[in-house]
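# Notes for the structure review
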Amino acid sequence: MRYDYLIVGAGLFGAVFARQAMDAGKSCLVVDKSDHIAGNIYTQEIEGIHVHKYGAHIFHTSNKAVWDYMGRFAEFNHFINTPIANFKGELYNLPFNMHTFYEMWGVTTPEQARAVIARQRAAVVGEPRNLEEQAISLVGTDIYEKLVKGYTEKQWGRACKELPSFIIKRLPVRYTFDNNYFNDRYQGIPVEGYTKLVERLLDGATVWLGMDYLANKEELDGLADRVLYTGCIDEYYGYCFGALEYRSLRFESEVLDTPDHQGVAVMNFTDSETPFTRMIEHKHFDFGKQDKTVITREYPADWSRGMRPYYPVNDEKNQALYERYRALAERESSVIFGGRLGHYKYYDMDKVVEAALALSERTIG
């Protein structure tokens, strides 16, 4: 059989594009070298709990059209992300807000909190030159030392003084008692898990799992008129200009014989001594009442070829390298690139959906 589209990658971007193509009367073959659909938002049921296998994924958006679109394929609950920061056993509310400032300094009014931060940010003179100076200029030295420095250096594998300031430019700081991590109007998690949502998006497509596209490129390309490629753009071109850099993650999960381990879905461990950055307790995403619980420790890792890439390292060197690959991609007539890896860009899930819908509108006849 010949298909209108070969879609490489059964993650959210590829699935949304496939749905749009099929709704337009096109046929789709979707291939993924993994043994499951849904990419990094894959959820697996363990002890009756939807376990986020590749880290916490909370859908949030201010775009009603995107929220309504996703609502076609899943019912969402009303989960609101209210993570806790753990610094050597001291607990602080996130994002940085009046609860955090009270826990840190005992201040009770926004005026008092602003005064403390104003005094501490005086340590930075002129335009911030790196992430450390940017963070101090936003939240002062105390919060930087306890809640930013260790976590960030573990996450990126570099000293904060060596990281560009833009990584943390939008650090949320609130002078209200509001623990809602996101500002978006629409927030929640699919009641049946993300895997079921992606399954519905892909309904009607031919899906081949365990299929390495690049190892079978000639044969697979011959099956379709056009290709949507959502893998790493540098790998597609055989790393001809060199490899782009990513950060990776390693996960350790375990089932505990207790109904509640930490009382919150996401706890960040912000000291440098704790080797993991976060502990996820998955049942809290679904307000679960199970007798057992599943926790996952999230360890940042250096990335090398063959590992799962998570975070593009969007510094000047890597962006310049990506632009060379993008120039090659723009000359393709039958291949289009999309998604986090195809665009070498970190996307929140709502932005993935927006980008996939926009691409489908431009390219599907």
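Described in the following lines is the structure provided in the data block.

Conventions adopted
Residue numbers here run from 1 along each chain, matching the order of that chain's written sequence. Per-residue local features of the predicted model are confined to residues with pLDDT of at least 70, and side-chain atom pairs are confined, for both listing and counting, to 80 or more; whole-chain, interface and lining totals are unaffected and use all residues. Note: side-chain values were computed over all heavy atoms of the structure, leaving out hydrogens and water. Helix and strand assignments come from DSSP, with helices taken as H or I runs of at least 4 residues and strands as E runs of at least 2, each series counted from the N terminus. Only protein chains enter the calculation, and the probe is 1.4 Å; a residue is then buried if its accessible area is under 20% of its type maximum, exposed if over 50%, and partly exposed in between. Strands are labelled as partners when DSSP assigns at least two bridges between them. As a rule, the C-alpha atoms of each element are fitted with a line to give its axis, helices using only the stretch in contact, and angles between N-to-C directions run from 0 to 180 degrees. Should any heavy atoms of two residues lie within 4.5 Å, those residues are considered in contact. Polar contact is the term for a pair of N or O atoms within 3.5 Å; when the atoms are in protein, one must be able to donate a hydrogen and the other to accept it, and sequence-neighboring residues count only if both atoms are side-chain atoms.

## A word on unusual backbone geometry
Omega for the peptide link from L94 to P95 comes to -5°, which places this bond in the cis form. By the secondary structure assignment, P95 is in the loop between β7 (90-93) and α3 (98-105). A positive phi is found at Y239, a non-glycine position, where the angle reads about 55°. Looking at where Y239 falls in the secondary structure, it is placed in the loop between α8 (233-236) and β11 (246-256). Judged by its relative accessible area of 17%, Y239 is buried. Not every positive phi belongs to a glycine, and F287 is a case in point at roughly 55°. Structurally, F287 can be placed in the loop between β13 (278-281) and β14 (293-302).

## Things to note about the sheet that holds strand β16 (residues 335-337)
With respect to topology, five strands assemble into an open sheet ordered β9-β2-β1-β10-β16, the strand pairing being parallel. Every other strand in the sheet has two partners, leaving β9 (206-209) and β16 as the edge strands with one partner each. Going from strand to strand, the sheet's axes swing by 20° on average, the running direction of each strand aside. Sheet analysis places strand β10 (residues 224-229) next to β16, joined by three bridges and oriented parallel. When the bridges of β16 are listed, V227 appears paired with V335. The sheet strands contacting helix α1 (residues 12-23) are β1 (3-8), β2 (28-32), β10 and β16, and the helix crosses β1 at an angle near 170°. The strands touched by helix α11 (residues 349-363) are β1, β10 and β16; relative to β16, the strand with the most contacts, the crossing angle is about 155°.

## Looking at the side chain of N180
Among the secondary structure elements, N180 is positioned in the loop between α5 (131-156) and β8 (186-188). With a relative accessible area of 17%, N180 lands in the buried category. At 3.4 Å, the side chain of N180 forms a polar contact with the side chain of Q187. Discounting chain neighbours no more than four positions away, the residues touching N180 are I80, N81, T82, P95, R174 and Q187.

## Examining the sheet that holds strand β6 (residues 84-87)
The strand order across the open sheet formed by seven strands is β7-β6-β12-β13-β14-β11-β15, and the pairing between neighbours is mixed. On the outer flanks of this sheet lie β7 and β15 (311-312), each paired with one strand and no other. Where α5 meets the sheet, it contacts β6, β7, β11, β12 (266-269), β13, β14 and β15, and its direction lies at approximately 90° from that of β6.

## A look at the side chain of T61
Within the secondary structure, T61 is located in strand β5 (residues 59-61). Exposure remark for T61: the relative accessible area of 0% places this residue in the buried category. Separated by 3.0 Å, the side chain of T61 and the backbone nitrogen of N63 make a polar contact. Looking at T61, its side chain comes within polar contact range of the side chain of D350, at 3.1 Å. Among all residues touching T61, those that are not within four sequence positions of it are V66, W67, D184, R185, Y186 and D350.

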